[in-house]
Amino acid sequence: MLLHSTQNINETSNFSDALLNPSAENNALYAPLNLPRLDFKQLRNLSYTEFALKIIEAFDFDLDLEIFKKALKTYENFDDASCPINLKKINENLYINELYHGPTRAFKDMALQPFGVLLEYLKKDNSYLIMCATSGDTGPATLKSFENKKNIKVVCIYPDNGTSKTQALQMIHTKADNLKSIAIKGNFDDAQNALKTLLQDDDFKNILKQEKFNLSAANSVNFGRILFQIIYHYYASVKINQKIDIIIPSGNFGDALGAYYAKKMGANIAKIKIASNSNNILSEFFNTGKYDLRNKTLQKTISPAMDILISSNIERLLFDKFKDERTKNLMQMLKNQKFYELTQEELKLLKEDFEADFCTDEECMQYIRDYQDHLLDPHTCTCFKMLNLNTPTLITSTAQWSKFTPSMYKALFDKECINEKEAMKELAKKFHQPIHKNIISLFEKEDLKIIPCKINDLKQIIIDWIKQ
Ligand SMILES: *Cc1c(COP(=O)(O)O)cnc(C)c1O
């Protein structure tokens, strides 16, 4: 199967090329034109890896299944070597899909761990600079995935003070020489824009070429990541074995897009419910059909990985529902007028699959308290606003609580957290939850002073690092 540009179906790419060069012309994305359908009844009783291979095989991409098998082996380093996710039944109609059992304790590992193996294979003898912009969890997961890999360098750009301290420490304390993280003055949208600009910058690419480096990106727009984010939603729906709603804390819309693709591929999913924080551009979009960036500024919330206004993967949904020409027009409008609006007909089509709502920080704190026995992180807790206990529902848990200790502590002890390590231990003790060694060890290292850089200096900083 080939992938198609979301803004021109005649521009195609095979899977391997799209993984190395994730942007199509005009900054469009690559997406499948039709999704293969599987009979979910035939997928029961498979192990997670066997299941994953069935889904991958159905796409009939240009890459050997043996390579995917090798990539999926990375899941053996998750908490349970036989299954990377932990599907929990909370009560008769409520399940939680815990996706944070990998090395960096966020769902980003689900895609980035196998993605690293695929990219390493595909690059052959070439050297690659892989860049990513992160709102907090993609960065650590990308760095981890490429740690010490030969002929690969990784630069990860993150908003200074825009992530949790734990997330920043995860990036700062990566030891490997081939990895670099850079804090910028600005928010996540600025970081993502800076990345897009560099990916299009011919001068930058030429300088890299002289140093014998190709350029690629590990952001959630890379279809190589989306592929692995289809599997866990589908797998959970088969295990639950009845029609379910899935609620997903969303930012860049990669996780939710995976659920939408899973549904199209035959997973027994009723509604996909999009949870936002007070950066509620997505819930506004799904309720009104308006994507409106005018007069909006990014708010800092206690769910920083969702502090996003420009949600890149919506473009793939538009393409799937309304085809390439309409997508191109809408994306053009967003670029020029910071606004677009769907027709009522189009909105109705979206509402067949989606619902959406948002949670303020105060509401989110209350949900953390309401579900304290399960110690759920602030991102996951944005889901509860839309929970309807009359229908079987799967809540997607995207990160482990320990990455957001100060907010958890504030919600549950009603006190400011002074010493993050001690607060983490206090929470773990009171709620009988373990802290992963990769997290607690971050607080045993020396505190480093980070000086954020100006976005205009970014290019030179990266070039200097590549040259040294
Ligand atoms: C990245 C992230 C999200 C948002 O996922 P998208 O795929 O960007 O919508 C939600 N929660 C956590 C903890 C994350 O790291």
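Residues numbered from 1 in each chain as written. Predicted model: local features only at pLDDT ≥ 70, side-chain atom pairs only at ≥ 80, totals over all residues. Heavy atoms only, no water.

Things to note about the overall build of the protein
To keep it simple, the criterion reads: A run of H or I in DSSP counts as a helix once it spans at least four residues, and a run of E counts as a strand once it spans at least two, with each numbered from the N terminus. The quantity called the radius of gyration is restricted to C-alpha atoms. Its globule counterpart is 2.2 Å times the number of residues to the power 0.38. Partly exposed describes any residue whose relative accessible area lies between the buried limit of under 20% and the exposed limit of over 50%, with all areas from a 1.4 Å probe on protein chains only and scaled to the type maximum.
Looking only at helices and strands, one finds 19 helices and 15 strands in the protein. A compact globule built from 468 residues would reach a C-alpha radius of gyration of about 23 Å, and the protein, at 21 Å, matches this within 12%. The C-alpha extent of the protein, read off along each of the three principal axes, is 60 × 55 × 50 Å. Considering the protein as a whole, with its 468 residues, one finds that 62% of them fall into the buried category.

Structural notes on the site of the ligand
This is how the line gets drawn: Summary of the distance rule: residues count as near a molecule or strand when at least one heavy atom falls within 4 Å of that molecule or strand. In protein, a polar contact requires one atom able to donate a hydrogen and another able to accept it; more generally it is a pair of N or O atoms within 3.5 Å, and residues adjacent in sequence count only if both atoms are side-chain atoms. Using a 1.4 Å probe, the Shrake-Rupley method yields the accessible areas, and only the shown protein chains count as cover for residues. Residues are grouped as follows: nonpolar covers Ala, Val, Leu, Ile, Met, Phe, Trp, Tyr, Cys and Pro; charged covers Asp, Glu, Lys and Arg; every other residue, Gly included, is treated as polar.
The full set close to the ligand counts 15 residues, and Lys108, Asp137, Gly251, Asn252 and Phe253 are the nearest of them. Phe253 places a main-chain nitrogen or oxygen 2.9 Å from an oxygen atom of the ligand. Taking Thr398, its side chain carries an N or O atom lying 2.9 Å from a nitrogen atom of the ligand. Burial of the ligand by the protein chains amounts to 98% of its free accessible area of 380 Å². Tallied by class, residues from the shell around the ligand come to 6 nonpolar, 6 polar and 3 charged.

Observations regarding the packing of helix H9 (residues 223–240) against helix H10 (residues 254–264)
Note the cut-off: Simply put, an axis is a line fit to the C-alpha atoms, just over the touching stretch for a helix, and the angle between two N-to-C directions goes from 0 to 180 degrees. Each angle gets one of four labels, with under 35 degrees taken as roughly parallel, over 145 as roughly antiparallel, 65 to 115 as roughly perpendicular, and the rest as oblique. For any pair of crossing helices, the crossing counts as left-handed if the nearer helix is rotated counterclockwise from the farther one by less than a right angle, and right-handed if it is rotated clockwise. Here a residue-residue contact requires only that any non-hydrogen atoms of the pair lie within 4.5 Å.
As a packed pair, H9 and H10 sit with axes 7 Å apart at the nearest point and diverge in direction by 60°. The orientation of H9 with respect to H10, classified from their angle, is oblique. In this structure, the crossing between H9 and H10 has a hand that is right-handed. Contact residues: Phe223, Ile226, Gln229, Ile230, Tyr232, His233 and Tyr234 in H9; Gly254, Asp255, Leu257, Gly258, Ala259, Tyr261 and Ala262 in H10.

Focus on the pairing of strand S4 (residues 86–91)
Under the convention used in this document: Paired strands are those between which DSSP finds at least two bridges.
In terms of strand pairing, S4 meets strand S5 (residues 94–98) through 5 bridges, oriented antiparallel. Looking at the pairing, Leu87 lines up with Asn97 of S5.

Here we look at the UniProt feature "domain: Tryptophan synthase beta chain-like PALP" (unreviewed entry) in the protein
What counts here: UniProt positions are given in the numbering used here, feature names are shortened, and annotations may be inferred rather than shown by experiment.
Under the local residue numbering, the UniProt record ascribes the feature "domain: Tryptophan synthase beta chain-like PALP" (unreviewed entry) to residues 88–322. With 42% helix and 22% strand, the stretch residues 88–322 has end C-alpha atoms that lie 36 Å from each other.

A word on the pairing of strand S2 (residues 8–13)
Two elements, strand S1 (residues 3–5) and S2, share 3 bridges in a ladder whose sense is antiparallel. Across the sheet, Leu3 pairs through a bridge with Ser13, a residue of S2. With antiparallel pairing between neighbouring strands as the criterion, S1 and S2 make up a hairpin whose turn holds 2 residues.

Some details on the sheet that holds S1
Read across the open sheet, the 3 strands follow the order S2-S1-S3; overall the sheet is antiparallel. Of all the strands in the sheet, just S2 and strand S3 (30–31) have a single pairing partner and so form its edges.

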